[in-house]
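# Coordinate inspection notes
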Amino acid sequence: GDPVSIHPALGMLLVGASFATLIVSLRALRDSRGVNPELLRKLVHLGMGVVSLGLPWLFDTAGPVLLLAGVFAGGLLAGRSSACWRRIAGGILCGIRRPSVGDLCFPAAVALVFALSAAHPSHFCVPILTLTFADAAAALVGTRCGAHRFGRPGREKSIEGSIAFFLAAIPCAYVPLRLWPEGGWAWTLLLSLDLALLLTLVEALSGNG
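The rules behind these values
Residues numbered from 1 in each chain as written. Predicted model: local features only at pLDDT ≥ 70, side-chain atom pairs only at ≥ 80, totals over all residues. Heavy atoms only, no water. Helix = DSSP H or I, 4+ residues; strand = E, 2+ residues; numbered from the N terminus. Buried < 20%, exposed > 50% of the residue type's maximum accessible area, 1.4 Å probe, protein only. Core = buried A, V, L, I, M, F, W, Y, C linked by side-chain atoms within 4.5 Å. Contact = heavy atoms within 4.5 Å.

### A closer look at the environment of Leu 177
Position of Leu 177 among the secondary structure elements: in helix H7 (residues 159-179). Residue classification places Leu 177 among the buried positions, given a relative accessible area of 8%. Between the C-alpha atoms of Leu 177 and Thr 188, which are eleven residues apart in sequence, the distance is 6.5 Å.

Encoded structure:
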């Protein structure tokens, strides 16, 4: 569909309010349930991805998205040395001991993909869906069921996690490509399988979040 006609400032306010609501909700979950920090980080990851999927329908230029990404990344950087921020988001964004830059890479990736997608919904949705759901599936399955490990310390992955990533990445590519078709179902399925395999290899070789 076409982007909605709202002022960019209102769109930025909606996105910011959505992220704030996400953090507040997860803080309440942390305080009431004592949820594992890794799970909380993945819930943040999923929430950010779902909110980001609406960007093509809120903005028709990359400027507001780049600004939002810069503000968000700047806040995360500043928050790493802020005691107040740690009280608010401790155990959600900064509650793990392993080195990770994934929280900073996520807004940068969203902004870059938005700028490169040239307002084409499938070009934006395929990578963001994959980043959101396939990456989370790999992390959760790898953490819980990853018996066959590979890689080196700090970049250790599991075969089970990679399989989960591949299986989740297929519909992440196929569904948008069918909603905004550029070819038949067989071509779309083949392209989806190719994308899923390529991105699985990229994920398996990446490290530090």
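### Focus on the nonpolar core
Leu 55 and Phe 124 are the most contacted members of the largest nonpolar core, which has 23 residues in total. Listed by contribution, the elements that provide at least two residues to this core are helix H1 (8-33), helix H2 (37-52), helix H3 (63-79), helix H5 (102-117) and helix H6 (121-145). Those residues in contact with Phe 124 that lie beyond four places of it in its chain are Ser 52, Leu 53, Leu 55, Pro 56, Val 110, Val 113, Phe 114 and Ser 117. The next biggest cluster of nonpolar side chains, apart from the first, holds seven residues, and it includes Ala 134, Ala 138, Ile 170 and Ala 196.

Distances and angles like these do not, on their own, reveal function.
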